[in-house]
Amino acid sequence: MALSNIFDIAGSGMSAESVRLNTVASNLANADSVSSSPQTSYKARYPVFQAVQNSLAAAGANGINGAANASVMVKGIVQSTTPGTASYDPGNPLADSNGYVYSSNVNVVEQMADMISASRSYQNDADVLNTSKQLMLDTLKLGQS
Amino acid sequence: MFNLDSYLGIQPDALEVYSQRSEVLAANLANADTPGYQARDIDFRAALAAAGQGQEGSASSAAVSAGGALQPQTTSPDDLTANTSPGGVSTEQYLKYRVPLAPSLDGNTVDSQMEESAFAQNNVRYEASLTFLEDRFSDLTTAITG
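What you see is a predicted model; the values in this text were computed from it and never measured.

Colleague: What exactly am I supposed to notice about the interface of chain B and chain A here?
Modeller: Interface size is often expressed as the accessible area that is lost when the parts come together. Contact residues are listed per partner, giving 36 residues for chain B and 38 residues for chain A. Between chain B and chain A lies a buried interface of about 2900 Å² when both sides are counted; carbon and sulfur atoms form 56% of it. Here chain B and chain A share one salt bridge between them. We note a salt bridge from A:Arg20 to B:Asp33, for which the minimum N-O separation is 2.9 Å. Remark: the boundary between chain B and chain A carries six residue pairs in polar contact (both at pLDDT 80 or more). Mapped onto the side of chain B that touches chain A, the elements with two or more residues apiece are α2 (11–30), β1 (40–42), β3 (88–89) and α6 (112–145) of chain B. Grouping the amino acids of the side of chain B that touches chain A by side-chain chemistry returns 16 nonpolar, twelve polar and eight charged.

Following this line, the structure appears as structure tokens:
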């Protein structure tokens, strides 16, 4: 039944978007973190989404005929390679021998935009889930009134 | 002899195709942020015509003729079974890729707004089909109980 597959699809979408929200939260929380070397400074993290094409042949073989669906998965988390900025702050306990601290490479504006995008997509998926649930319930009640 | 399939007409097939289309649209929405994902949709007319054809092959022709413009073209006896899978409507071959309105840098062709509206429209039509079926059943109940 095609409608029940939507639970998997929208569920995978919500799960992926919540991973994205998680990375945004982590990035924003560490936006002002400093470190004593460029290597150990916090790097912004981004999830990589990938579509999972549920194979047509497999779907047909299971008796679930019909449209091929594509759920989404988080393939991995990548770290931004943008260099962070070094600032002269000899009073900082984390400063290196030259008095520099190295801040994270998080772009706060970009993260906020990302957060809104993730939240919108999550809402869309939740909406799809709700609507499909309602349709299924209506279908179950068919002929009972 | 009363035939329930022909009595219900095209609506059960339409419900099936609607539900599969909403699955495809849900997949588009779930992949709204996936790089390289290409949005798809079902060629509804072709899918429903094939669904009607399958029904003709199984039992009735009333539903197909009721379909009017959806009248299937059969050119060989094999056509009756060619587009049907056992026990339902197969829409795999009617999946088409959407032509994007505006290309995006990451190769994703999902337009969330378009998909949302298509999904809503599809659901309303699903509900409409359900209502038609509901009426059929209540007519039947009236006929039986008097």
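Having seen the model, we can carry on.
Colleague: Please clarify how the sheet that holds strand β4 (residues 86–88) of chain A should be interpreted in this entry.
Modeller: Adjacent strands of a sheet pair through backbone hydrogen bonds, lying either parallel or antiparallel. Residues and elements named next belong to chain A. If you trace the three strands from one edge of the open sheet to the other, you get β1-β5-β4, paired in antiparallel fashion. With partners counted over all chains shown, the strands left at the sheet margins are β1 (34–35) and β4, one partner each. Relative to strand β5 (residues 100–103), β4 runs antiparallel, the two being bridged by three bridges. When the bridges of β5 are listed, Tyr88 appears paired with Tyr100.

Colleague: I keep staring at the side chain of A:Ser132 and nothing clicks. Help me out?
Modeller: Position of A:Ser132 among the secondary structure elements: in helix α3 (residues 108–140). Within the structure, the side chain of A:Ser132 is placed 2.8 Å from the backbone oxygen of A:Val128, a separation counted as a polar contact. Other than its neighbours up to four places away in sequence, A:Ser132 contacts A:Ile6 and B:Phe119.

Colleague: Would you explain α2(B) in this entry?
Modeller: Counting along an α-helix, one turn takes 3.6 residues, and residues three or four places apart therefore face a common direction. Between its first and last C-alpha, α2(B) extends 28 Å over 20 residues, near the 28 Å set by a 1.5 Å rise per residue. Counting buried residues in α2(B) gives 18 out of 20 residues, a clear majority hidden from the surface.

Conventions used here
- Residues numbered from 1 in each chain as written.
- Chains lettered and ligands numbered in written order.
- Predicted model: local features only at pLDDT ≥ 70, side-chain atom pairs only at ≥ 80, totals over all residues.
- Heavy atoms only, no water.
- Contact = heavy atoms within 4.5 Å.
- Buried area = accessible area lost by both parts, 1.4 Å probe.
- Salt bridge = Lys/Arg side-chain N within 4 Å of Asp/Glu carboxyl O.
- Polar contact = N/O pair within 3.5 Å; in protein donor to acceptor, adjacent residues only side chain to side chain.
- Helix = DSSP H or I, 4+ residues; strand = E, 2+ residues; numbered from the N terminus.
- Nonpolar A, V, L, I, M, F, W, Y, C, P; charged D, E, K, R; others polar.
- Pairing = 2+ DSSP bridges.
- Expected span 1.5 Å × (residues − 1).
- Buried < 20%, exposed > 50% of the residue type's maximum accessible area, 1.4 Å probe, protein only.

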